[in-house]
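Now for the letters of each chain:
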Amino acid sequence: MTTAVTSACPECAQSVPAPADVRVASIVVCPSCSVELEVIIASPVEYALAPEIEEDFGE
């Protein structure tokens, strides 16, 4: 039996399960507050708020 890997959401502090194929830079959505999280460390899993995608307007 495998145990689900979880880590705390930096926004709401709720436990967020990591996908089975978790990798650094993966994006996960917090099931509690719906914020997008980026995996910054894969083992043990640690999340940070995902950066906002900005327009560069071809610059």
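Located above this text is the structure these notes cover.
I will try to describe carefully the structure that is included in this document. (Residues numbered from 1 in each chain as written. Predicted model: local features only at pLDDT ≥ 70, side-chain atom pairs only at ≥ 80, totals over all residues. Heavy atoms only, no water.)

Quick look at the side chain of Ser26 now. Summarising the element assignment, Ser26 is placed in the loop between strand E2 (15-17) and strand E3 (27-29). The buried category is assigned to Ser26, whose relative accessible area is 16%. The residues touching Ser26, leaving out its near neighbours within four places in the chain, are Leu37, Glu38 and Val39. (Helix = DSSP H or I, 4+ residues; strand = E, 2+ residues; numbered from the N terminus. Buried < 20%, exposed > 50% of the residue type's maximum accessible area, 1.4 Å probe, protein only. Contact = heavy atoms within 4.5 Å.)

In this structure, Cys9, Val16, Ala18, Val28, Cys30, Leu37, Val39, Val45 and Tyr47 together form the largest nonpolar core, which totals nine residues. Mapped by element, the contributors of at least two residues to this core are strand E4 (36-42) and strand E5 (45-49). Contacts of Cys30, omitting those with residues within four sequence positions, involve Cys9, Cys12, Val16, Val35 and Leu37. (Core = buried A, V, L, I, M, F, W, Y, C linked by side-chain atoms within 4.5 Å.)

Mapped onto the elements of the fold, Ala20 is located in the loop between E2 and E3. Residue class for Ala20 comes out exposed when judged on its relative accessible area of 89%. For Ala20 and Val5, which are 15 residues apart along the polypeptide, the C-alpha to C-alpha distance reads 8.3 Å.

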